Amino acid sequence: MAESVTTTTWQRRAARLGWVAVGLGALALGLLVWAIWLVATAHAPVVDESPGPVLDLVMAVLPVELDIGAPRPTVLLALGLGLAALLVTVVALQAANALRVLSSRRQVTEPLPGETSAVGRRILGAAAMRSLELDVTPEWPASALPALAPTVVRCTVLLPAHDEAAIIGASIDSLLSQTRSADRILVVADNCTDATVEIALARGVEVFETVGNTEAKAGGLNQALAELLPGSVVEDVYLIMDADSTITPDFLETALGLMESDADLMAVGGLFAGEDGAGVMGQLQRNEFTRYQRVIGRREGNLFVLTGTASVFRGYALATIAQARESLIPGYRGGVYDTLAMTEDNEITLALKSLGAKMISPPQCRVTTEVMPTWRDLRKQRLRWQRGALENVGAYGFTRTTALYWSQQLGLAYGAIALHSYVALMAIGVLSVNGLRWQPFWVAIGCVFLAERVVTAWGAGWRGRAVAAVIFFELSYSLFLQWAFATALTHIVTRRGKGWNDVPRPAVAAAVLAVPVAGALGAQWNPISAETMQSSWVEALAIFVGVNTLIFATLSVFQMLPPIRKTIHEMRARRAAAPPV
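Everything in this summary refers to the structure shown in the same document.

Cut-off values and rules
Residues numbered from 1 in each chain as written. Predicted model: local features only at pLDDT ≥ 70, side-chain atom pairs only at ≥ 80, totals over all residues. Heavy atoms only, no water. Pairing = 2+ DSSP bridges. Helix = DSSP H or I, 4+ residues; strand = E, 2+ residues; numbered from the N terminus. Axes fitted to C-alpha atoms, helices over the stretch in contact; angles between N-to-C directions. Contact = heavy atoms within 4.5 Å. Buried < 20%, exposed > 50% of the residue type's maximum accessible area, 1.4 Å probe, protein only. Arc of directions from axis to C-beta. Patch = residues over 30% accessible without salt bridge, like charges linked within 9 Å, V, L, I, M, F, W, Y side chains within 5 Å. Areas by Shrake-Rupley, 256 points an atom, 1.4 Å probe, with all protein chains shown as cover. Salt bridge = Lys/Arg side-chain N within 4 Å of Asp/Glu carboxyl O. Parallel < 35°, antiparallel > 145°, perpendicular 65-115°, else oblique. Nonpolar A, V, L, I, M, F, W, Y, C, P; charged D, E, K, R; others polar. Core = buried A, V, L, I, M, F, W, Y, C linked by side-chain atoms within 4.5 Å. Right-handed = clockwise from strand over helix to strand, strands pointing away. Phe/Tyr/Trp six-rings, centres within 6.5 Å; stacked < 30°, edge-to-face > 60°. Lys NZ or Arg CZ within 6 Å of the ring centre and 35° of its normal. Polar contact = N/O pair within 3.5 Å; in protein donor to acceptor, adjacent residues only side chain to side chain. Expected span 1.5 Å × (residues − 1).

What about the sheet that holds strand S2 (residues 184–189)?
Right, on to step 1. Ordered in space as S3-S2-S1-S4-S8-S6-S9, the seven strands form an open sheet in which the pairing is mixed. Either end of the sheet is taken by a strand with one partner, and the two such strands are strand S3 (206–209) and strand S9 (358–360). Taking each pair of neighbouring strands and ignoring which way they run, the sheet shows an average axis angle of 20°.
Right, on to step 2. Examined bridge by bridge, strand S1 (residues 154–161) and S2 share six bridges and lie parallel to one another. The residue bridging Leu 158 from the neighbouring strand is Leu 186, located in S2.
Right, on to step 3. Packed on one face of the sheet, helix H6 (residues 168–176) meets S1, S2 and strand S4 (236–241) and runs near 170° to S1.
Right, on to step 4. Here helix H12 (residues 344–354) sits on the sheet in contact with strand S6 (265–269), strand S8 (310–314) and S9, set at roughly 135° to S9.

Structural notes on unusual backbone geometry
Right, on to step 1. A positive phi angle, close to 55°, is found at Asp 163, a residue other than glycine.
Right, on to step 2. Topologically, Asp 163 is positioned in the loop between S1 and H6.
Right, on to step 3. Judged by relative accessible area, which is 29%, Asp 163 ranks as partly exposed.
Right, on to step 4. Not every positive phi belongs to a glycine, and Ala 216 is a case in point at roughly 55°.

A closer look at helix H16 (residues 461–469)
Residues spaced three or four apart along an α-helix point in a common direction, a consequence of the helix completing one turn every 3.6 residues.
Right, on to step 1. The set of residues buried in H16 consists of Gly 464, Val 467 and Ala 468. Projected down its long axis, H16 shows its buried positions confined to an angular sector of 100°, all on one face.
Right, on to step 2. Buried residues in H16 make contact with helix H10 (279–298), helix H15 (440–456) and helix H17 (471–493).

What about a nonpolar patch on the surface?
Right, on to step 1. Residues Tyr 414, Ile 417, Ile 543, Phe 544, Val 547, Ile 551 and Leu 555 make up a contiguous nonpolar surface patch of roughly 610 Å² in combined accessible area.
Right, on to step 2. Mapped onto the nonpolar patch, the elements with two or more residues apiece are helix H14 (403–433) and helix H19 (536–560).
Right, on to step 3. Among the elements that take part in the nonpolar patch, H19 stands out by supplying five residues, more than any other.
Right, on to step 4. Here Ile 417 lies in helix H14.

Focus on the packing of H10 against H15
Right, on to step 1. Taken N-terminus to C-terminus, the directions of H10 and H15 make an angle of 85°; their axes are 9 Å apart at the nearest point. By the angle class used here, H10 and H15 are roughly perpendicular. Contacts between H10 and H15 involve Thr 290, Arg 291 and Arg 294 on the former and, on the latter, Arg 453, Val 455 and Thr 456.
Right, on to step 2. For the contact of H10 with H15, the per-class residue count stands at one nonpolar, two polar and three charged.

A word on the nonpolar core
Right, on to step 1. Within the largest apolar cluster, 46 residues are counted, with the highest numbers of intra-cluster contacts made by Phe 313, Leu 318, Tyr 337 and Leu 352.
Right, on to step 2. Broken down by element, the residue count for this core peaks at six residues, all from helix H11 (residues 315–324).
Right, on to step 3. Residue contacts for Phe 313: discarding those within four places in its chain leaves Val 237, Tyr 238, Ile 240, Met 259, Met 266, Ala 267, Leu 306, Leu 318, Tyr 337, Ile 348 and Leu 352.
Right, on to step 4. In terms of nonpolar packing, the next biggest core, distinct from the first, is built from 29 residues, Ile 168, Val 205, Ile 247 and Val 312 among them.

Brief notes about the pairing of S2
Right, on to step 1. Counting buried positions along S2 yields five of six residues, so the element is predominantly enclosed.
Right, on to step 2. The parallel pair S1 and S2 is bridged by H6, and the resulting crossover is right-handed.
Right, on to step 3. Alignment of S2 against S3, held across four bridges, turns out to be parallel. If you follow Val 188 over to S3, its bridge partner there is Phe 208.

Re the pattern of salt bridges
Right, on to step 1. Applying the stated criterion across every chain yields a total of 14 salt bridges.
Right, on to step 2. For Asp 264, the salt bridge is made with Arg 105, and the minimal N-O distance between the two is 3.2 Å. Remark: Arg 105 occurs in the loop between helix H3 (73–98) and helix H4 (115–124) and Asp 264 occurs in the loop between helix H9 (251–261) and S6; sequence separation between them is 159 residues.
Right, on to step 3. Accessibility expressed as a relative area gives 23% for Asp 264, which makes it partly exposed.
Right, on to step 4. Glu 452 is the salt-bridge partner of Arg 453, the closest N and O atoms lying 3.0 Å from each other.
Right, on to step 5. Glu 452 sits in the buried class, given a relative accessible area of 8%.

Things to note about the packing of aromatic side chains
Right, on to step 1. Applying the stated criterion across every chain, the model contains 10 aromatic pairs.
Right, on to step 2. Seen in terms of ring centroids, Trp 375 and Phe 480 are 4.9 Å apart; in terms of plane orientation they differ by 50°. Their pairing is tilted. With a gap of 105 residues between them, Trp 375 in helix H13 (residues 375–396) and Phe 480 in helix H17 connect regions that are remote in the sequence.
Right, on to step 3. Residue Phe 480 is classed as buried on the basis of its relative accessible area of 4%.
Right, on to step 4. Their ring planes at 55° and their centres at 6.4 Å tell us that Phe 472 and Phe 473 sit as a pair that is tilted.
Right, on to step 5. We classify Phe 473 as partly exposed; its relative accessible area is 28%.
Right, on to step 6. Aromatic ring contacts, followed pair by pair, group Phe 272, Phe 289, Tyr 292 and Phe 304 into a single cluster.
Right, on to step 7. Against the face of Trp 458 rests Arg 465, its NZ or CZ located 4.0 Å from the ring centre.

What to know about the environment of Ser 407
Right, on to step 1. By secondary structure assignment, the location of Ser 407 is in helix H14.
Right, on to step 2. Within polar-contact distance, the side chain of Ser 407 engages the backbone oxygen of Leu 404 at 2.5 Å.

Description of the packing of H10 against H17
When two helices pack together, their arrangement is given by the angle between their axes and by how far apart the axes lie.
Right, on to step 1. Running from amino to carboxyl end, H10 crosses H17 at an angle of 75°, the nearest separation of the two axes being 11 Å. Relative to H17, the element H10 lies roughly perpendicular. Each of Val 280, Leu 284, Gln 285, Asn 287, Glu 288 and Arg 291 in H10 lies in contact with H17, whose residues at this interface are Phe 473, Glu 474, Tyr 477 and Leu 481.
Right, on to step 2. The residue makeup of the contact of H10 with H17, split by class, is five nonpolar, two polar and three charged.

Focus: H17
Right, on to step 1. Helix length check: H17, at 23 residues, gives a terminal C-alpha distance of 33 Å against a target of 33 Å (1.5 Å per residue), a fit within 8%.
Right, on to step 2. Within H17, burial applies to Glu 474, Tyr 477, Leu 479, Phe 480, Leu 481, Gln 482, Ala 484, Phe 485, Thr 487, Ala 488 and His 491.
Right, on to step 3. At the C-terminal side of H17, Arg 495 shows a positive phi close to 55°.

Set out below in structure tokens:
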């Protein structure tokens with residue numbers, strides 16, 4: 001029989017099989033829970049309520065000599081689905097491993113043996129094997145790593161700018177004042193109509209002007225990289241930095257030194273902080289950035305995203321992205337940046353991680369970037385960030401790389417439900433009985449949340465701590481971000497165009513809720529009957545809020561404690577460095 005030909009790429013294969021594995025596993029677990037429920041409800045209690053010998057009671061509880069009987073069909077089906085999920089998971093991990101062409105620790109160098117297909121036919125059946133295209137695998141991609149890693153690198157800076165005359169000078173000055181100078185600085189001027197080009201030339205740097213670019217920052221960078229990458233060598237690295245940002249003087253020295261000392265390191269991302277100004281709203285953003293820095297520090301530099309404000313990439317890693325699009329990662333072949341992605345920095349992070357690249361954000365690599373001065377500007381920015389993140393993980397599917405990012409999005413959704421449930425319960429209580437009971441236990445829980453907000457914002461200075469101590473500011477900001485998440489998700493589901501000018505402001509929605517609550521407290525107004533607090537649905541809401549409050553309070557305590565993994569590493573390092581007794 002002639003061997004069939006598959007048109008499925010490794011990227012589509014990994015994404016599809018990941019979702020199939022999740023679906024099969026969920027079905028298997030659901031059926032198993034259902035079977036247990038049927039067993040528990042279909043028979044009389046194992047332990048007789050009548051008094052009896054203690055030994056009989058122990059024998060029944062253990063349960064020894066209990067006749068369970070033949071397995072139910074539900075159990076057998078659950079076991080079959082579980083086996084199918086295990087098989088599909090193995091093949092999905094194989095597909096994800098095939099993508100890791102930028103990893104020196106690639107565990108498999110060729111597809112799994114043909115016996116896997118035989119096992120798959122027995123478990124899944126021939127029809128499922130054909131529909132999932134498991135009978136034939138695409139050609140195994142070769143490694144993209146150079147034979148010899150460079151010991152000294154050569155850095156070119158790309159500074160994409162569109163009408164950045166007000167800030168481009170400060171950005172270039174921060175590059176010129178580096179303790180280790182860049183070998184070349186190139187301002188990528190994209191359709192500039194102000195003095196951006198003149199300011200750049202006056203500071204002695206090169207300018208690359210885009211031609212006919214209609215694809216914003218990603219398109220401009222693709223044009224510049226299309227000129228640079230064909231002539232690059234393995235020693236070339238590229239710092240890609242926003243024109244509205246500045247970097248610390250030792251940024252390049254740190255990043256380039258790490259790349260020279262670790263051949264597996266493909267990218268170094270900066271840790272961003274917000275510029276001064278914009279009042280309380282600006283400080284809330286700076287607190288948010290400070291907390292992100294703290295999280296990355298606790299993860300020992302293991303980053304979530306290579307920030308577009310300033311990140312360093314190996315040239316051959318960028319070239320591999322361009323060559324791997326449409327086969328190993330989403331996007332159009334030949335483009336380093338995906339011009340359809342709303343958040344190109346998040347997308348290129350997923351691309352590199354899918355290809356097995358190692359990356360890090362060291363604490364020395366700091367970037368100062370702009371903060372949004374108005375709620376309207378912040379709303380536009382966060383809608384773009386949230387929608388871009390959701391669309392990125394959707395394009396990549398469910399793989400070993402995106403599992404963490406999917407869990408983050410689910411966590412955001414759950415957090416939004418939990419916080420809004422809490423606000424709704426408080427509002428119902430105030431509007432029905434015009435008062436709140438101050439119980440010591442829940443006051444203590446509130447103090448835990450307050451302490452966590454202050455501790456995690458400690459690095460933002462006294463202003464950050466003062467704003468964090470006013471829990472109303474933090475609560476309002478969290479609600480604002482959650483509204484942006486919900487709005488972005490709604491736009492994706494409804495396939496709304498990528499424009500946000502007509503979106504209602506979350507701040508207005510929050511004010512709509514705050515006004516009647518404040519009025520109820522001040523004017524003894526109770527538009528909701530007191531009997532509402534005794535209803536079953538309010539009781540269920542209260543239980544849900546109480547459980548969530550305890551869960552998030554526990555997480556807050558862990559956020560304030562030293563990271564366990566990092567502490568263990570430090571203890572081991574101290575023991576290894578200690579002189580022998």
